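Inside the fold
This is what each chain is made of:
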Amino acid sequence: MTEITYRSKLPSSQLTHKRGALQSFAVRLFCENPLGAFGAVVCLIFLFVAIFADLLAPYGFNQIMPSNRLKPPSWQFWFGTDQFGRDVFSRVLYGARLSITVGLTASLLATIISVVIGITTGYLGGKTDMVAQRFVDAWMSFPDIVVLIVVVAVVGTGMPQIILVIGCLYGVAGSRIIRGAVLSAREQAFIHAAQSIGGSNTRVIWRHILPNVMPPIIVLFTMRVGSVILVESALSFLGMGVPP
């Protein structure tokens, strides 16, 4: 009976321990890196607004109110209204959902492409690395916005096309950063030790190389989110972004 009671209390103690660890991590983050913590809070707010735009928006995305055309900011319309009488604040909330979706998915795709190219070429080296890097150099020689406009004009507009095009564009360029981290990690003693005991290339890459290049991967992903949102906004301004 005592053992059953102890087991029934074990999950709650584990939950309390996890909560304590999470609280201590948050306190340490705010104390040691307040700017980074502030940025994390802003990102979480944007994510929350994008997810719950239906509940937070006071009006519909395309709700037209002809009697309230071109109203200035007020308590009723926080950001004013446009020429059709639509609430700008509500449209901004719904637009955040689109920006977050495109930003996260395209950045994730770009990071995956960068990791695959960077780790493969950096670890194998030789002719594979030389040929791949010359292709990356040629790819990076073209202005990003010009490549995007040409490709989008060919494949058409739409969210899947925009995500795919931006992801491939930034993924190939970002592989240089991952490759540099892999070249540094490849010369470490533990990598040579893993190779000397017969570790396959796949195992060495998965168990030793990838965990040691995670910091630049995380930084690359976070930097890409803002860049992707700005590029998507530029394409929408030119009439080649996600359709309204």
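Presented here is a report on the structure given in the accompanying data block.

1. Remarks on helix H10 (residues 214-237)
Its 24 residues place the ends of H10 35 Å apart at the C-alpha level, agreeing with the 34 Å of an ideal helix rising 1.5 Å per residue. What H10 keeps buried is the set Ile 217, Leu 220, Arg 224, Val 225, Val 228, Val 231, Glu 232 and Leu 235. Considering only its buried residues, H10 is in contact with helix H4 (88-124), helix H6 (144-155), helix H7 (159-186) and helix H9 (201-212). Just beyond H10, the residue with positive phi is Gly 239, at close to 85 degrees.

2. Focus on the layout of surface pockets
Approximately 380 Å³ is the volume attributed to the largest pocket. Breaking the lining of the largest pocket down by element, the ones donating at least two residues are H4 and H10. Sorting elements by how many residues they give to the lining of the largest pocket places H4 first, with six residues. Along the lines of polarity and charge, the residues of the lining of the largest pocket split into eight nonpolar, three polar and three charged. Approximately 320 Å³ is the volume attributed to the second largest pocket. As for the second largest pocket, its lining consists of Cys 43, Leu 44, Phe 46, Leu 47, Ile 100, Leu 104, Phe 221, Thr 222, Val 225, Gly 226 and Ile 229. For the lining of the second largest pocket, the elements supplying multiple residues, two or more each, are helix H2 (34-51), H4 and H10. Considering every element that reaches the lining of the second largest pocket, the biggest residue donor is H10, with five residues. Across the lining of the second largest pocket, the residue classes tally to nine nonpolar, two polar and no charged.

3. Overview of a nonpolar patch on the surface
Taken together, the side chains of Leu 44, Leu 47, Phe 48, Ile 51, Phe 52, Leu 55, Leu 56 and Leu 104 define a hydrophobic patch exposed on the protein surface, amounting to about 750 Å² of accessible area. Of all the elements in the fold, those that place two or more residues in the nonpolar patch are H2 and helix H3 (53-56). Here the element with the most residues in the nonpolar patch is H2; it accounts for four residues. Relative to the elements of secondary structure, Leu 55 occurs in helix H3.

4. Some remarks on the packing of aromatic side chains
Considering all chains together, one arrives at six aromatic pairs under this definition. Plain terms: the ring middles of Trp 78 and Phe 89 are 5.0 Å apart, the flat faces sit at 45 degrees to each other, and that makes the pair tilted. Taken together, the residues Trp 78 in the loop between H3 and H4 and Phe 89 in helix H4 connect sequence positions eleven residues apart. Assessed through its relative accessible area of 52%, Trp 78 is described here as exposed. By relative accessible area, Phe 89 is classed as buried at 15%. Seen from their ring centres, Phe 79 and Phe 89 are 5.1 Å apart, and the 90 degrees between their planes marks the pair as edge-to-face. Here Phe 79, found in the loop between H3 and H4, pairs with Phe 89, found in helix H4; they are ten residues apart in sequence, far enough to count as distant.

Calculation criteria
Residues numbered from 1 in each chain as written. Predicted model: local features only at pLDDT ≥ 70, side-chain atom pairs only at ≥ 80, totals over all residues. Heavy atoms only, no water. Helix = DSSP H or I, 4+ residues; strand = E, 2+ residues; numbered from the N terminus. Expected span 1.5 Å × (residues − 1). Buried < 20%, exposed > 50% of the residue type's maximum accessible area, 1.4 Å probe, protein only. Contact = heavy atoms within 4.5 Å. 1 Å grid on protein atoms, 1.4 Å probe; cavity = no way out; pocket = protein on both sides within 12 Å on 5 of 7 lines; lining within 4 Å. Points joined across faces, edges and corners; volume = space filled by probe spheres on them. Nonpolar A, V, L, I, M, F, W, Y, C, P; charged D, E, K, R; others polar. Patch = residues over 30% accessible without salt bridge, like charges linked within 9 Å, V, L, I, M, F, W, Y side chains within 5 Å. Areas by Shrake-Rupley, 256 points an atom, 1.4 Å probe, with all protein chains shown as cover. Salt bridge = Lys/Arg side-chain N within 4 Å of Asp/Glu carboxyl O. Phe/Tyr/Trp six-rings, centres within 6.5 Å; stacked < 30°, edge-to-face > 60°.

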